[in-house]
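A closer look at the structure
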Amino acid sequence: MLGTDFDTEVAAGKEKYLVQTEDGGEKKPIIITRIYLNGQILLTRKTDYTHIIDAPDREKRLLDLMHKQHRLAVNTAKAGKLRETKTASDYLESVNGLLKNNNKRRAVRLLSEALEQYPDDPLLLSYYGCLDAVVNKNYRNGIETC
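Residues numbered from 1 in each chain as written. Predicted model: local features only at pLDDT ≥ 70, side-chain atom pairs only at ≥ 80, totals over all residues. Heavy atoms only, no water.

In terms of helices and strands, the protein carries 5 helices and 4 strands. Oriented by its inertia axes, the alpha-carbon framework of the protein measures out at about 45 × 45 × 20 Å. Considering the protein as a whole, with its 146 residues, one finds that 39% of them fall into the buried category. The contacts of the protein with a sequence gap of at least 6 include a subset with a gap of at least 24, amounting to 43%. (Helix = DSSP H or I, 4+ residues; strand = E, 2+ residues; numbered from the N terminus. Buried < 20%, exposed > 50% of the residue type's maximum accessible area, 1.4 Å probe, protein only. Contact = heavy atoms within 4.5 Å.)

On average, the protein scores 87 in pLDDT, and the residues at 70 or more come to 95%. Of all secondary-structure elements in the protein, the lowest mean pLDDT belongs to strand β4 (residues 40-48), at 84, while strand β2 (residues 15-23) reaches the highest, 93. (pLDDT = per-residue confidence, 0-100.)

Turning next to the packing of aromatic side chains. In total, this model carries 1 aromatic pair according to the counting rule given. Ring centres of Tyr91 and Tyr118 lie 6.5 Å apart, and the angle between their planes is 70°; on these two criteria the pair is classed as edge-to-face. Remark: Tyr118 occurs in the loop between α3 (104-117) and α4 (122-136) and Tyr91 occurs in helix α2 (residues 88-100); sequence separation between them is 27 residues. (Phe/Tyr/Trp six-rings, centres within 6.5 Å; stacked < 30°, edge-to-face > 60°.)

In a pair of packed helices, the angle between the axes and the distance between the axes together describe the arrangement. Interhelical geometry of α2 versus α3 gives an angle of 170° and a closest axis separation of 8 Å. Viewed along their axes, α2 and α3 adopt a mutual orientation that is roughly antiparallel. Note on element contacts: α3 touches α2 through Lys104, Arg106, Ala107, Leu110, Leu111, Glu113, Ala114 and Gln117, opposite Tyr91, Ser94, Val95, Leu98 and Leu99. In terms of residue class, the contact of α2 with α3 is made up of 8 nonpolar, 2 polar and 3 charged. (Axes fitted to C-alpha atoms, helices over the stretch in contact; angles between N-to-C directions. Parallel < 35°, antiparallel > 145°, perpendicular 65-115°, else oblique. Nonpolar A, V, L, I, M, F, W, Y, C, P; charged D, E, K, R; others polar.)

Among the surface-exposed residues, Lys104, Arg105, Arg106, Arg109 and Lys137 lie close enough to one another that they form a single positively charged patch. Its location among the elements puts Arg106 in helix α3. According to the relative accessible area criterion, Arg106 is partly exposed, its value standing at 32%. (Patch = residues over 30% accessible without salt bridge, like charges linked within 9 Å, V, L, I, M, F, W, Y side chains within 5 Å. Areas by Shrake-Rupley, 256 points an atom, 1.4 Å probe, with all protein chains shown as cover. Salt bridge = Lys/Arg side-chain N within 4 Å of Asp/Glu carboxyl O. Lys, Arg positive; Asp, Glu negative; His and termini not counted. Charge placed at Lys NZ, Arg CZ, Asp CG, Glu CD.)

Phi at Asn38 is positive, roughly 55°, even though this residue is not glycine. By the element assignment, Asn38 lies in the loop between β3 (30-37) and β4.

Before going further, it helps to spend a moment on the side chain of His70. Its location among the elements puts His70 in helix α1 (residues 58-79). Looking at His70, the relative accessible area reads 8%, which means it is buried. Not counting residues up to four positions away in its chain, the partners in contact with His70 are Phe6, Asp7, Thr8, Val19, Gln20, Thr21 and Thr33.

Time to look at α4. The α-helix advances 3.6 residues per turn, and as a result positions three or four apart in sequence lie on the same side. Between the first and last C-alpha of α4 there are 20 Å, a value that for 15 residues agrees with the 21 Å anticipated at 1.5 Å per step. Buried within α4 are the following residues: Leu124, Tyr128, Gly129, Leu131, Asp132, Ala133 and Val135. The elements touched by buried residues of α4 are α2, α3 and α5 (139-145). Of the residues that open α4, the one with a side-chain oxygen 3.1 Å from the backbone nitrogen of Leu123 is Asp121. Looking at the residues trailing α4, positive phi occurs at Lys137, about 55°. (Expected span 1.5 Å × (residues − 1). Polar contact = N/O pair within 3.5 Å; in protein donor to acceptor, adjacent residues only side chain to side chain.)

Okay, structure coming up:
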């Protein structure tokens, strides 16, 4: 079922959101739903579906999971229940505060969250790569990320 995805435009007040749900495929069995506003990701939801990979009715169950997750995101957008969006700079400011307090593990988690919204931001990638190497001792991935 590789390549399956759903796109829905949602009008809520003066805003027009785009809700996208996609299947990561057999190599990455994750359903990813994102809500966008003006090209910026406001919300990301991920669901791992490895538990149904070997099920005889896998395709039907996967499609049902995707529809359900997509519907929930559309309803969230319609209801205006989206969290406040942080900029990449907001994330970096929070990460620097955590690092000043020597809370490196929380900083790595926050950077991981930031990269879901800003996957190509060079500063976020650099910070994450450095901390992944230092905190998680994941040197190879840290260097590649930087």
